[in-house]
Amino acid sequence: MEVLKKTGEWVLVFVAAFVLSLVLRNFVIDGRVVPTGSMLPTIQLKDHVMVDRLFYRMGELERGDVIVFTAPKHPELVDLAGQAMVKRLIGLPGETVEVRDGYVWIDGRALNEPYVISGGKTAREFAPVTVPEGYYFVMGDNREGSNDSRTWGFLDRKLVIGRVLFCYWPLENFGGLTAPPAEYFFS
C-alpha cells in the first residue's frame, strides 16, 4: 500500500511539472530556433533564442524590438505557412516607411541602423507606405537576405508571438541582442 501511495505521489509530481511546463511554454516564455540567416549579424542561423510571450503584452512593442511571429498568409510565404519568423520591428502604426538613398526613412527621417549587416545601408529601394493601425512593418537585419514586409506587406499585430529576450545557445552567442541606438534617427 505504501509503494502505491509513493508511486501516486511521483505521478502527481510529474503531471504537475508537465502541466506547468506547458503553461510556461505556451503563455509566458518560449525557446525558438532561428531558421534562417535573415537576422545576421544580430542572430546567427540556428541560434536558440528565448522569447517573451507574456510580459511584452503589458506594454507596447517598440521600434527596434526583435520579434517572433507566425508567417502571414501570402504567396511569397506559402512554404512557411504556420511557421515562426524572426524580424526587427521597423515601422509602427500610422508611420510612413520607405527605403531610399540606402537608408530606411520613417516619416521623412533616416533611421540609424548600426545592427544592419551591410553597415547600416539597405540597397533595395522601397516606395513610401503608411503602416495601418493594428499592423507593423518588419525587416531582417540582413536586408539583402531577408523576406520581410518589403515583399509581403504589413504584419498583423495578432500574429506576434513575442519579443526575443536573448540568445541562449550556442554558448558562444549567449547574451542579449545588439542594442538599437539610443537615438534611432540621424541628427
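Residues numbered from 1 in each chain as written. Predicted model: local features only at pLDDT ≥ 70, side-chain atom pairs only at ≥ 80, totals over all residues. Heavy atoms only, no water.

J.: What is the right way to read the sheet that holds strand β2 (residues 48-52) from this model?
T.: Through backbone hydrogen bonds, the strands of a sheet pair up, either in parallel or in antiparallel fashion. A sheet is described by the order of its strands in space; here 7 strands give the open sequence β1-β2-β11-β3-β4-β9-β10, paired in antiparallel fashion. With partners counted over all chains shown, the strands left at the sheet margins are β1 (29-33) and β10 (155-156), one partner each. Relative to strand β4 (residues 84-91), strand β3 (residues 66-70) is paired through 5 bridges, and the arrangement is antiparallel. Its bridge partner lying in β4, Thr 70 is registered against Ala 84. (Pairing = 2+ DSSP bridges. Helix = DSSP H or I, 4+ residues; strand = E, 2+ residues; numbered from the N terminus.)

J.: Sorry if this is basic, but what is going on with unusual backbone geometry here?
T.: Leaving glycine aside, a negative phi is the common case for residues, and trans is the common case for peptide bonds. With an omega dihedral of 0°, the bond running from Leu 40 to Pro 41 counts as a cis peptide bond. Position of Pro 41 among the secondary structure elements: in the loop between β1 and β2. A cis amide bond links Trp 169 with the next residue in sequence, Pro 170, at an omega value of 0°. Position of Pro 170 among the secondary structure elements: in the segment after β11 (160-169). The backbone of Lys 46 shows a phi angle near 75°, a positive value even though the residue is not glycine. Checked against the element boundaries, Lys 46 lands in the loop between β1 and β2. For Asp 107, which is not glycine, the phi dihedral falls at a positive 50°. Asp 107 gets classed as partly exposed once you look at its relative accessible area, which sits at 47%. (Buried < 20%, exposed > 50% of the residue type's maximum accessible area, 1.4 Å probe, protein only.)

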